[in-house]
Each structure stands twice: as C-alpha cells, then as structure tokens.
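# Coordinate inspection notes
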Amino acid sequence: MLRSPLPGFRLAIGCTLVYLAVIVLLPLAALVLQASGLGWERFFTVISGDRALAAFRVTALAALGATAVNGIVGLALAWALVRYEFPGKRLLDAAVDVPFALPTAVAGVALTALFARNGWYGSALEPLGITVAYAPLGIVVAMAFTSLPFVVRSVQPVLQDLTDDLEEAAETLGAGPARVFRSVVFPAIFPAYLAGLSLAFARSLGEFGAVIFIAGNQPFHTEIAALLVFIRLEEYDYQAAAAIATAMLAAAFAMLLITNAIQLWHLRYLRTDR
Amino acid sequence: MTSRQRPRVGDAPVTRALILGFAIAASALLIGGPLAVIFAEAFKPGVAAYLANLGQPDTLHAIGLTVATALLAVPINTAFGIAAAWSIAKFEFPGKSLLTALIELPFSVSPIVAGVAYLFVYGAQGWFGPWLQEHGIKVMFAYPAIVLASLFVTAPFVAREILPLMQAQGSQEEEAALTLGASGFRTLWSVTLPNVRWALLYGVMLTNARVMGEFGAVSVVSGNIRGVTNTLPLQIELLYQDYNSAGAFAAATVLAGIALLTIAAKIVVEKMDPDAARG
C-alpha cells in the first residue's frame, strides 16, 4: 500500500483524518442525529410544512435562475479569457475571483445599495418596471454574483487545452464556424461546463450572506431555506432548525455526488484528448 | 501552444466584438459595480466622517475580534492543508478519492448548516454542551465557536491550491533530499514547500479573506453580541440594520480591501509561477 519511500505518511494522514473528523464530520453527525431524533413522521411534517416548502421552492428557483445567468455570462467570460487577446485581459481574469474573495455580507450590502430604488441600477430599472431589491429577482442577482467564478474556472482550463487540429479538420471538411462550435468545441467543453454549472447551483442553494440583505425576506415570497433555519433557531425551535438544515445538507450531498459523477465523465474526455 | 495563422471559431470580428463586449459589460456591471458602490457609499459623507465611522468603538472591537479569529484559524487550516496535501500527493492508499471529496465537503455545505451543526455539538442542547457548562467552559456564543465555525468553512482552501501542484511535481526531489540525509520535516520545509510557495501563499491569503469575511456560520454561533462577539461582517449587518449605511460601508471597505489584496496576490503568484494559481 505504501509504495512511496517518503516518510511521514502516518503522521500526515493521521492529522488529516482526526482534523476532518473533529471539524467537519462530528458537527454534521450531530446535526443529522438531532434531526433523526424527531422520527420520520415529525421530520417529514416539518420539512413539508407550507412555509418550509415555500422556502425550498424560492431557494431552488432562484438558484436555477442564477445558474442560468452564470451559464451565459460564465461561458462568455471563459471564452473571452482563453480565445482573445485584449488590453486589460489580466484585470478581467482577476475580476472573476472577486466573488470568491469578497465576503458575502459585503456583497449583500453592495448589491442592495446598487439595486435599491434610488441606487445606480435601481433608478435605471424602475422606469422599466423591474424591481430587483426586496424581490425574488434580488435573490437571483445575489446568488449569481457569489457563484459566478465556478463556471468560468471550470471551463477555462478545458478550453485552453483544446487542440486546434479537430477544429481545423472540421473546417477543412467544410463546416462553418457555427457548425464547428456546435459539433467540435461545445461537446469537448460540455462536461466541464456542466460540472461548473452544478457547482454554481450547489453554492447558490446554500448562499446566505449575500441574499438576506437584498431579498426582503418575506415568508412564502422571498424567504430562502437558510434564513428559515436561522429564524427557527432564534425561535428556539431547534428541532425544526435541525430538520430543515438536514434537508439542505442532503441536497448538498446530492449535488456533490452529481458534480463528482460529471467530473469522472469529464476525466474520460480529458484522457482521450491528450 | 501552436501559433496559427488561420482564424479560429469565434475570431470573426463581429463575433469577437459581441462576445468580448458582452463579457466585459457583464463583469463591469456584476463585479465592478458592487466594488465601486462600496467605496462610493463609504466616502459619501467625506473622508473625516469615514475615519470617524471606522473609529467607532464597536467597529474597532469587531476588527480586533476578526483579526484574532484569523490569527488562530489561518495557521491551523494552513497546517491541515499541508498535511492533507502531503498524504494525498505523495502516497497511494485506498480511499484516496473519498478523502479528497471529504476535504472539499465544506465547499458544498451551506454556512448556515455548518453553524447549526456546531450548535448541536457545543450548544446547551448539544452533545458536549451540558458537560462544558458544568465545567464553566464557554464555547458557544464566544470566541472558540467563532474560530471553530471559521475552521469548518475554510478547511479546503490551502489543500485545494497546493495539491494539484504537488501532484504534478512528483516526489523525486524529496527522495533526493532524503538520500542526502535530510529528515522528513527538513525535506518538507526545504524542498516541498518552497516548490509550491506561490500557490501556498495564495491559498493562505484566500483562507484569510474567507475567515475574516465569514458571515453565515459565524452569525449562528457567535450570538451577535454587540461589542463582544461581533466580527466585522456581523458588525456590517448590525450597522446596516441600524440604518447607519455610511458606517456599514466604511466597515465594508476594510473587508473589500482585504479581498482586493488577496486578488493582487494571485496576480503576483501567476506572474511568478504560471502553473501555480488556479480557480
């Protein structure tokens, strides 16, 4: 099993496993156990309550919307950063990392200020009848902001590694640019694109800080699942908080499995590419 | 990369202008706008008012608590990231891909879920809560819980930055150092870490930015006590809810500044070692 002549395996893996057990697994186990203390029936009653269901629906729909925005903006950004040379390219590349590094609460107050009725964007959108702040659209904007880097950073390396010969061959065979993109380029980046989208979606499902400032947080209308957990905690309803949080954890695990499956599929593509 | 004369897909001037224009306009609106509005709002009442807002005792205390949290959480997660990357990059063992997935798990878990989970370990209704209370140890709604929640949320960052690089570099240099009589730690310190230093630097800075900016998990476990357990992001929320917009944005400029520094570090890292930095 230990084919490497290097020392320190036991120490390093020991520290890694103990740390993960204490910092990550112990709390998650405590949460799941707390929720299982409710019994199936109670658990199901809590997570299928009207307000919880509405919160799940708002969260999932907004996350879908944000993922769709990222699917377009992220792909365009990845394409521009790989395929084109232009002044300010390095700056644009760095800008993509801003949502990773900027705290979510800071993003939340900034987006709210922009989209508020008297804000830079809000005052331009109001005459058009579009309300973003304190409306469902605001949740989409906040989620799209925090998950923007995922699609770009997933697609970028694959697009970079794409060799020219396939495209050239397709062109030689008479395919126009649209055909080459559809039949050659897009299939090659598709697994990475899908993996990026699923990462963005998963991140959006759990987003809290950026959303709560701009959402308005009205029950049944603009209340996300993470906020409902928080509200139940403040009401000292720990069982309901545990149940809703466990449902969110289950969704996160499902998204993780899907993402990993896509990435395995993606690896198969990479191997045939090289 | 091959230099080729023929234009590729998307190189037609109109297509290029459309895609590039859209990408630049979208990032200016979605990323540039929020950054600009933070500083505009913070300095709207003037520089003197900005400094006075930053100098409020509660805000200063929040800055202090945030720095204290980072001082503990960042070194711990750096050590963890190095240990994890060392075991995964340099050894073969069963369950390796499972371990890699486990390390990335905190990325997928909502920070609120993480905070609630900690409550059920250390809170009054949690596993260790009664015991801790009996012995007069305060974890929940205090500094220890803030550090623990930050550790959870930022656990993957250092490993994620240095692991691909360590895997790509293999173990030959380490083997040479050991043959020459260096100890394991000496090898790690003088061979492995210098080889990944730029990625490590970016990983540490990203961990720091995320620790200082963590909101959801910390807001569950800190108890939000003004001037006592409020970190900087929580203080921003509090000021914002108090309709003290200028104060909130003044505090926000500190965190935005740290974020911009982190990104500047990444640009430097990429210049120093083009293979080092990734998403």
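Reading the values: the criteria
Residues numbered from 1 in each chain as written. Chains lettered and ligands numbered in written order. Predicted model: local features only at pLDDT ≥ 70, side-chain atom pairs only at ≥ 80, totals over all residues. Heavy atoms only, no water. Helix = DSSP H or I, 4+ residues; strand = E, 2+ residues; numbered from the N terminus. Buried < 20%, exposed > 50% of the residue type's maximum accessible area, 1.4 Å probe, protein only. Contact = heavy atoms within 4.5 Å. Areas by Shrake-Rupley, 256 points an atom, 1.4 Å probe, with all protein chains shown as cover. Lys, Arg positive; Asp, Glu negative; His and termini not counted. Charge placed at Lys NZ, Arg CZ, Asp CG, Glu CD. UniProt positions renumbered as here; feature names shortened; annotations may be inferred. Buried area = accessible area lost by both parts, 1.4 Å probe. Salt bridge = Lys/Arg side-chain N within 4 Å of Asp/Glu carboxyl O. Polar contact = N/O pair within 3.5 Å; in protein donor to acceptor, adjacent residues only side chain to side chain. Axes fitted to C-alpha atoms, helices over the stretch in contact; angles between N-to-C directions. Parallel < 35°, antiparallel > 145°, perpendicular 65-115°, else oblique. Nonpolar A, V, L, I, M, F, W, Y, C, P; charged D, E, K, R; others polar. Domains from an automatic or database assignment.

### Quick notes on the overall build of chain B
Counting its secondary structure elements, chain B contains 14 helices and zero strands. Going residue by residue from the N terminus, the α and β elements of chain B occur as α-α-α-α-α-α-α-α-α-α-α-α-α-α. In terms of overall dimensions, chain B has C-alpha extents of about 60 × 60 × 30 Å along its principal axes. With 279 residues in all, chain B has 54% of them scored as buried. Here the contacts in chain B between residues at least 6 apart in sequence split such that 72% fall between residues at least 24 apart. With the model as given, the accessible surface of chain B reaches about 11700 Å², and the carbon-plus-sulfur share is 67%. Put simply, chain B has 16 plus and 16 minus side-chain charges, and the middle of one group is 8 Å from the middle of the other.

### Section: the UniProt feature "transmembrane region" (unreviewed entry) in chain B
Residue and element names in this part refer to chain B. UniProt's entry tags residues 20–40, 60–86, 98–121, 141–159 and 248–269 with the feature "transmembrane region" (unreviewed entry), counted in the numbering of this structure. Structurally, residues 20–40 comprises 100% helix and 0% strand, and the distance from its first C-alpha atom to its last is 27 Å. Segment residues 141–159 splits into 79% helix and 0% strand. End C-alpha atoms: 29 Å apart.

### Here's the deal with the interface of chain A and chain B
Each side of the interface is counted separately: chain A has 94 residues, and chain B has 99 residues. Carbon and sulfur atoms make up 76% of the surface buried where chain A meets chain B, a total of about 8300 Å² over both sides. When the buried area of chain A at its contact with chain B is split by residue, Leu6, Tyr19 and Tyr84 of chain A rank highest and sum to 8% of it. At the junction of chain A with chain B, the criterion picks out one salt bridge. Across the pair aspartate 97 of chain A and lysine 266 of chain B runs a salt bridge, and its minimum N-O distance is 2.7 Å. There are 10 residue pairs in polar contact (both at pLDDT 80 or more) connecting chain A and chain B.

### Looking at the packing of helix α6 (residues 104–115) of chain A against helix α13 (residues 232–241) of chain B
At their nearest, the axes of α6 of chain A and α13 of chain B sit 9 Å apart, and the two run at 30 degrees to each other. With respect to each other, α6 of chain A and α13 of chain B are oriented roughly parallel. Across the interface between the two elements, Ala105, Val106, Val109, Thr112 and Ala113 of chain A of α6 of chain A pack against Pro233, Ile236 and Tyr240 of chain B of α13 of chain B. For the contact of α6 of chain A with α13 of chain B, a count of residues per class yields seven nonpolar, one polar and no charged.

### Concerning the UniProt feature "domain: ABC transmembrane type-1" (unreviewed entry) in chain A
Under the present numbering, the feature "domain: ABC transmembrane type-1" (unreviewed entry) in UniProt falls on residues 56–259 of chain A. Secondary structure across residues 56–259 of chain A divides into 78% helix and 0% strand, with the first and last C-alpha atoms of the span separated by 21 Å.

### Regarding the domain arrangement of chain B
Residue and element names in this part refer to chain B. When its domains are assigned, chain B resolves into domain 1 (8–43) and domain 2 (45–272). For domain 1 and domain 2, the distance between their C-alpha centroids amounts to 30 Å. Counting residues at the interface gives seven residues for domain 1, matched by 12 residues for domain 2. Each partner contributes to the roughly 810 Å² buried at the junction of domain 1 and domain 2, and carbon and sulfur atoms together form 81% of this total.

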